[in-house]
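Structure assessment
So the chains spell out like this:
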Amino acid sequence: MKRDVFAAGTRTALVTGASKGIGRSYAMQLAQAGYNVVMVAVDGDQLARTAAEVQAANPSVSVRWLSKDLATVTAGEELFAWTEAEGIEVDVLINNAGIFSFCDILNTPIERICRIIMLHDITATVTCRLYAADMASRGGGRILNMSSYSIWMPYPGLSLYSASKAYLKSFSVAFSKEVRELGVTVTAVCPAGIATDLYGLSKRWQKIGLRMGVLMSPESCARRSLRAMWRGRRCIVPDWWFRLFIPLCRMVSGPVMRWLRSYTMQFQK
């Protein structure tokens with residue numbers, strides 16, 4: 001399956017977590033591909049600035065934005081109701097919004113636990129349910145859910161983050177099989193390290209990571225992920241060389257795990 005072909009401005013993509021990082025890259029590349037773009041994020045000021053940049057990238061499409069906290073039980077339904085009320089028909093849904101957490105569960109506030117699970121799992125599942133049904137009624141559409149490479153790394157400190165992302169990958173693959181015959185494709189993306197602010201890395205360390213090849217640029221991640229989505233792939237690791245290390249990640253245990261835990265405790269927060 002090749003990239004969808006259509007007249008610019010006749011289809012719409014909705015991107016969550018679109019104010020910066022990978023979400024910004026998704027919005028930018030979708031606008032350049034001719035999609036009208038609806039951008040959603042919690043930081044309204046940053047989102048407004050990014051939306052202006054996306055609009056400048058392709059003045060022939062429409063760019064709208066909504067400042068909204070998606071880490072609530074009813075966020076998915078509220079977002080869908082808003083797009084319906086605005087007369088927006090979503091052809092591509094990008095569930096990109098995320099919260100990174102590297103902290104032992106016993107040291108993680110319950111409120112943060114709930115917010116991560118609601119954002120990664122509940123809101124993403126509800127939006128998939130609502131927008132996929134709408135897409136199917138109009139002949140089809142595409143959904144991309146951002147999982148994580150950490151699903152193969154259920155290490156101490158990552159238990160909450162990796163588990164919530166593992167759910168999203170498993171759900172996406174199974175859901176894609178349910179809706180395929182309705183013309184809807186669902187793609188789970190499992191990137192490793194990306195040079196964004198998500199992990200709390202400074203700009204200097206992001207640049208070092210890019211030069212060393214251990215981090216991927218958000219532009220490259222978005223480009224490869226969208227290509228997989230257009231091809232109808234169910235699950236991909238966009239940085240192909242990390243696929244080689246998945247068996248190794250699963251094998252880490254015993255003394256290595258104990259050393260890893262003692263070393264990484266200093267970075268937990």
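One can find the structure itself at the top, above this paragraph.
The following refers to the structure shown. (Residues numbered from 1 in each chain as written. Predicted model: local features only at pLDDT ≥ 70, side-chain atom pairs only at ≥ 80, totals over all residues. Heavy atoms only, no water.)

Considering the pairing of strand S3 (residues 63–67)
Pairing of strand S2 (residues 36–41) with S3 involves 5 bridges; the strand directions are parallel. Note on S3: the bridge partner recorded for Met39 is Trp65. Handedness of the crossover is the feature at issue here: the chain leaves S2, passes through helix H2 (residues 44–57), returns alongside S3, and the resulting connection is right-handed. (Pairing = 2+ DSSP bridges. Helix = DSSP H or I, 4+ residues; strand = E, 2+ residues; numbered from the N terminus. Right-handed = clockwise from strand over helix to strand, strands pointing away.)

Points about the pairing of S2
Taking burial as the measure, the 6 residues of S2 include 6 buried ones, the bulk of the element. Judged from the 5 bridges that link them, strand S1 (residues 12–16) and S2 form a sheet pairing that is parallel. Each residue of the ladder has a partner; that of Thr16, found in S2, is Val40. The parallel pair S1 and S2, bridged by helix H1 (residues 21–32), forms a crossover whose chirality is right-handed. (Buried < 20%, exposed > 50% of the residue type's maximum accessible area, 1.4 Å probe, protein only.)

Let's talk about the side chain of Ser25
Within the fold, Ser25 resides in helix H1. Accessibility expressed as a relative area gives 3% for Ser25, which makes it buried. Not counting residues up to four positions away in its chain, the partners in contact with Ser25 are Pro218, Glu219 and Ala222. (Contact = heavy atoms within 4.5 Å.)

Focus: the packing of H1 against H2
Direction vectors running N to C along H1 and H2 enclose 25°, while the axes themselves pass 8 Å from each other. When the axis of H1 is compared with that of H2, the two are roughly parallel. As for how H1 packs across H2, the hand of that crossing is right-handed. Facing Arg24, Ala27, Met28, Ala31 and Gln32 of H1, the residues of H2 in contact are Thr50, Glu53, Val54 and Ala57. Among the residues forming the contact of H1 with H2, the class breakdown is 5 nonpolar, 2 polar and 2 charged. (Axes fitted to C-alpha atoms, helices over the stretch in contact; angles between N-to-C directions. Parallel < 35°, antiparallel > 145°, perpendicular 65-115°, else oblique. Left-handed = near helix turned anticlockwise from the far one by under 90°. Nonpolar A, V, L, I, M, F, W, Y, C, P; charged D, E, K, R; others polar.)

A word on the packing of aromatic side chains
Per the stated rule, a full pass over the model turns up 6 aromatic pairs. Relative to Tyr131, the ring of Phe80 lies with its centre 5.0 Å away and its plane at 80°, an arrangement referred to as edge-to-face. Residue Phe80 is located in helix H3 (residues 75–85), and its partner Tyr131 is located in helix H4 (residues 110–137); the two are separated by 51 residues in the primary sequence. Judged on exposure class, the residue Phe80 and its partner Tyr131 are both buried. Aromatic pair Tyr149 and Trp152: ring centres 5.7 Å apart, planes at 65°, arrangement edge-to-face. Since its relative accessible area comes to 4%, Tyr149 is described here as buried. Residue classification places Trp152 among the buried residues on the basis of a relative accessible area of 11%. Here the aromatic residues Tyr167, Phe171 and Phe175 are joined through ring pairs into a cluster of three or more. (Phe/Tyr/Trp six-rings, centres within 6.5 Å; stacked < 30°, edge-to-face > 60°.)

So, the nonpolar core
If you look at the biggest cluster of nonpolar residues, it comprises 34 residues, and the most contacted ones within it are Tyr26, Leu30, Tyr35, Met39 and Ile94. For this core, the secondary structure elements donating two or more residues are S1, H1, S2, H2, strand S4 (92–95), strand S5 (141–146) and helix H7 (218–230). Not counting the four nearest positions on each side in its chain, Tyr26 is found in contact with Val15, Ile94, Asn96, Leu144, Met146, Val189, Ala222, Ser225 and Leu226. Leu70, Leu93, Leu119 and Phe171 belong to the second largest nonpolar core, which has 28 residues in total. (Core = buried A, V, L, I, M, F, W, Y, C linked by side-chain atoms within 4.5 Å.)

Side note on the environment of Gly232
Looking at the secondary structure, you find Gly232 in the loop between H7 and strand S7 (235–236). Placed 88 residues apart in sequence, Gly232 and Leu144 show a C-alpha to C-alpha distance of 9.9 Å.

What about a positive patch on the surface?
Residues Arg223, Arg227, Arg231 and Arg233 make up a contiguous surface patch of positive charge. Relative to the helices and strands, Arg227 resides in helix H7. (Patch = residues over 30% accessible without salt bridge, like charges linked within 9 Å, V, L, I, M, F, W, Y side chains within 5 Å. Areas by Shrake-Rupley, 256 points an atom, 1.4 Å probe, with all protein chains shown as cover. Salt bridge = Lys/Arg side-chain N within 4 Å of Asp/Glu carboxyl O. Lys, Arg positive; Asp, Glu negative; His and termini not counted. Charge placed at Lys NZ, Arg CZ, Asp CG, Glu CD.)

Topic: the sheet that holds S4
The strand order across the open sheet built from 7 strands is S3-S2-S1-S4-S5-S6-S7, with neighbouring strands paired in parallel fashion. The open sheet terminates on both sides in strands that have one partner only, identified here as S3 and S7. In the sheet, S4 pairs with S5 via 4 bridges, with the strands oriented parallel. Across the sheet, the residue bridging to Ile94 is Leu144, located in S5.

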